[in-house]
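# Breakdown of the fold
Single-letter residue listing:
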Amino acid sequence: SSAGDCFLALAGLRGSVSLSEPCYAGPFCQDLERDVREEEEEGDVSATNVNEGLIFNENIQPVNYEYRQGRDYTVCQSINTGSYGEVYSVQDNKTHFKFAAKKVPLKRFSSEELGAWSALTSPRVVDLFGVVREGPYAILFMDLKAGSLGQLIKDSGRLPEDLALHYHCQVLGALEHLLKRQVLHLDIKADNVLLSADGRDTFLCDFGQSERTDNRGQGLRASQELKGTETHMAPEIVKGEARGAKADVWSSCCMLLHMLSGCQPWTRYYSRPLYLKIANEPPPLREIPPDCNIFTADVIKAGLQKDPIKRASASELKARVTRALSELGGLSSPIRGSYMEPLQIH
Ligand SMILES: Oc1ccc(F)cc1Nc1nc(-c2ccncc2)cs1
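Let us look at the structure shown here. (Residues numbered from 1 in each chain as written. Predicted model: local features only at pLDDT ≥ 70, side-chain atom pairs only at ≥ 80, totals over all residues. Heavy atoms only, no water.)

## Focus: the sheet that holds strand 2 (residues 73–78)
Strand order in the open sheet made by the six strands is 1-5-6-4-3-2, with antiparallel pairing throughout. The open sheet has two edge strands with one neighbour each: strand 1 (51–55) and strand 2. Along the sheet, successive strands turn relative to each other by an average axial angle of 25 degrees, direction set aside. Pairing of strand 5 (residues 128–134) with strand 6 (residues 137–142) involves six bridges; the strand directions are antiparallel. Each residue of the ladder has a partner; that of glycine 130, found in strand 6, is phenylalanine 141. (Pairing = 2+ DSSP bridges. Helix = DSSP H or I, 4+ residues; strand = E, 2+ residues; numbered from the N terminus. Axes fitted to C-alpha atoms, helices over the stretch in contact; angles between N-to-C directions.)

## Regarding empty space enclosed by the protein
Summed over the entire model, instances satisfying the criterion amount to three cavities of 30 Å³ or more. Leu186, Asp187, Lys227, Met233 and Ser251 are, among the 15 residues lining the largest cavity, the residues nearest its centre. In terms of residues, the lining of the largest cavity owes the most to one element, helix 7 (residues 246–261), which gives three residues. Looking at the lining of the largest cavity residue by residue, the class counts come to six nonpolar, four polar and five charged. Volume-wise, the second largest cavity comes out at about 50 Å³. As for the second largest cavity, its lining consists of Arg268, Tyr269, Arg286, Glu287, Ile288, Pro289, Pro290, Leu343, Gln344, Ile345 and His346. (1 Å grid on protein atoms, 1.4 Å probe; cavity = no way out; pocket = protein on both sides within 12 Å on 5 of 7 lines; lining within 4 Å. Points joined across faces, edges and corners; volume = space filled by probe spheres on them. Nonpolar A, V, L, I, M, F, W, Y, C, P; charged D, E, K, R; others polar.)

This is how it looks when you write it as structure tokens:
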């Protein structure tokens, strides 16, 4: 569709949005954040009738330059696994198109989620459909998937080694794309990896913690709270040191341990808060299941190097995962096989 169709300038949208391909929603998001700051200064952030936004998908059809819950789209059910916001499946009242929506209080809305996400065009990343502001909320719209890897692990206990490697390989492919586009996700975990209906394809989502690596100061700014999920945080993140793409590689290996054992790393050996343990203890290599192929163990050792410089890159690790998977004879396990008990520590 032409740039003109690519976005909807809803009533009240201030400033113009650069729509040079690919559509970056960055400038719009800064406008949105500025609007909120100005309204907070003027004290009317709860202006409930404000309705402005950007829609990138023609199956989502605003009415008279507005797109309101109830009148223009209907909430079907709660999915509830997004970070800092509830996630729902919703349906456009005119086209009956179904998609996902995450409702985020504006105070928690980070323009990075849209700025970073709109810069990505990979089959391994969920399509962002747009954002609408409804009063004190930002509503993000994206492609509806069949569920999350986090839910699959809950249902299956733990995953077969070949399936875990198959998923890890795809997530590393997403991280290769993010590196090319200078985006850090900073919350890689099974809950933020969505599955296709047949369970063979994965899609990274939830860029609520993400950052662009080209426009941020080094290290932890005073105001910047620790982002991401504690059990999957890289040592350099918990220590507030400079963070780069290797932080997402560490988290992806924590996710691999989660898939293989059925448990979050660290939690069977340490009590929370885990930050100091992650900073001071050796990497959780003892959590590698004993029945793991030696090549799978090598993947985890290469990806859980505490020093980000020594840690493998997404591409290097993806090559190791592909080798480990071929050592097992490729993916042969069923996607939703019989339940396998999470691993007990010995
Ligand atoms: O960051 C977002 C922005 C917009 C959205 F609509 C959703 C999210 N976040 C998430 N969505 C899911 C999910 C979606 C669909 N099906 C199963 C899970 C898991 S986390």
